[in-house]
Amino acid sequence: CFLMNLGSQLMMMHQVAALVDAGVTRMVAASVVGVVGLTSIPAKIGWGWMAYKVGRRTTYWLGTLVFLAAVLRLGTIGETTSGAGIFLYGILIGLGYSMPTSLTPLLTADFFRGAHFGSIFGTVNFVYQFGGALGVWLGFPLAALLKEVEPTSRAKYVRFETLYDPKQMPGLGISILDWPYVEGL
């Protein structure tokens, strides 16, 4: 659910630029953001209801499929796309974007129970949302980083590895992940 939020935040951050690059006017592209907001309000309630009725896993995967449909729709938008086709993207991304927001409190409740759940959830949600905002402020295009490191023409993948320094980061002794943590693209 947390990785889904990362993907949806990246889409939200770049969607207007992607629409304008595809030939959509700035005003229409900005209006799509309004459609996303209006769609996400009832969708958050709907995803929460669905999580209780059919289960969290089914809700997560359905929300992920809707999000992926939005990504595919965005990729097919061009200068000849009708207004309805453009706003269909806004509806799909509004639906997909809202799913992690609905599931995060439920998943947090599954792990942390008891009298202090409100404080725990507030802390988890603060860190979760602050990370999303900080990523937008401090983020930069991956292409800029790759340009700096000058990979060879034979390079097929990018490897990201976290810092591993138990002296500076004593929490690394907790065995939630293997350290140093590695991801690849």
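Because the structure is a prediction, the values reported are computed rather than measured.

How should I be thinking about the overall build of the protein in this particular structure?
Looking only at helices and strands, the protein has 6 helices and 2 strands in total. For the protein, the succession of helices and strands along the chain, N to C, is α-α-α-α-α-α-β-β. For the protein, the accessible surface area stands at approximately 12400 Å², while carbon and sulfur atoms represent 67% of it.

Help me understand the nonpolar core, please; the structure alone is not making it clear to me.
Where a protein is soluble and globular, its nonpolar side chains tend to be buried together. Formed by 25 residues in total, the largest nonpolar core has its most connected members in L19, I77, Y89 and I93. Of all the secondary structure elements, the ones that give two or more residues to this core are α1 (2-21), α2 (26-54), α3 (56-76) and α4 (83-111). In terms of residue count, α4 provides more of this core than any other element does, 8 residues in total.

Explanation requested: the pattern of salt bridges in the structure shown.
Taken as a whole and judged by the stated rule, the model has 1 salt bridge. Here R159 ties to E161 by a salt bridge, and the two come within 2.9 Å at their closest N and O atoms.

Hey, could you run me through the environment of G122 in this one?
Mapped onto the fold, G122 is located in helix α5 (residues 117-138). A residue is classified by how much of its surface remains accessible, and G122, at 37% relative accessible area, is partly exposed. C-alpha of G122 to C-alpha of P105: the two residues are 17 residues apart in sequence and 9.4 Å apart in space.

What am I meant to see in the environment of E183 here?
Relative to the helices and strands, E183 resides in strand β2 (residues 182-184). The exposure class of E183 is partly exposed, given its relative accessible area of 39%. Along the sequence, E183 and E161 sit 22 residues apart, while their C-alpha atoms lie 6.6 Å from each other.

Is there a simple way to think about the side chain of R73 in this case?
Relative to the assigned elements, R73 resides in helix α3. Setting aside anything within four residues of it in sequence, one finds R73 in contact with T81, G85, I86, L88, Y89 and L92.

Conventions adopted
- As a convention, each chain's residues are numbered from 1 in the sequence order in which they are written.
- Selection of residues for local features in this predicted model requires a pLDDT of at least 70, selection of side-chain atom pairs for listing and counting requires 80 or more, and totals for whole chains, interfaces and linings are taken over all residues.
- The basis for every side-chain value is the complete set of non-hydrogen atoms in the structure, without hydrogens or water.
- Elements are defined by DSSP. Helices are runs of H or I of four residues or more, strands are runs of E of two residues or more, and each kind is numbered from the N terminus.
- Only the protein chains shown count as cover for residues, and the accessible areas themselves come from Shrake-Rupley with a 1.4 Å probe.
- We call a set of buried Ala, Val, Leu, Ile, Met, Phe, Trp, Tyr and Cys residues a nonpolar core when their side-chain atoms join them within 4.5 Å.
- Note on exposure labels: buried denotes an accessible area under 20% of the residue type's maximum, exposed denotes more than 50%, and partly exposed covers the range between, all computed with a 1.4 Å probe on protein chains only.
- Basic side-chain nitrogens of Lys or Arg form a salt bridge, by our definition, when they fall within 4 Å of a carboxyl oxygen of Asp or Glu.
- Contact between two residues is taken to exist if any of their heavy atoms lie within 4.5 Å; hydrogens are not considered.

Take it as geometry only, folks, not as evidence of what the structure does.
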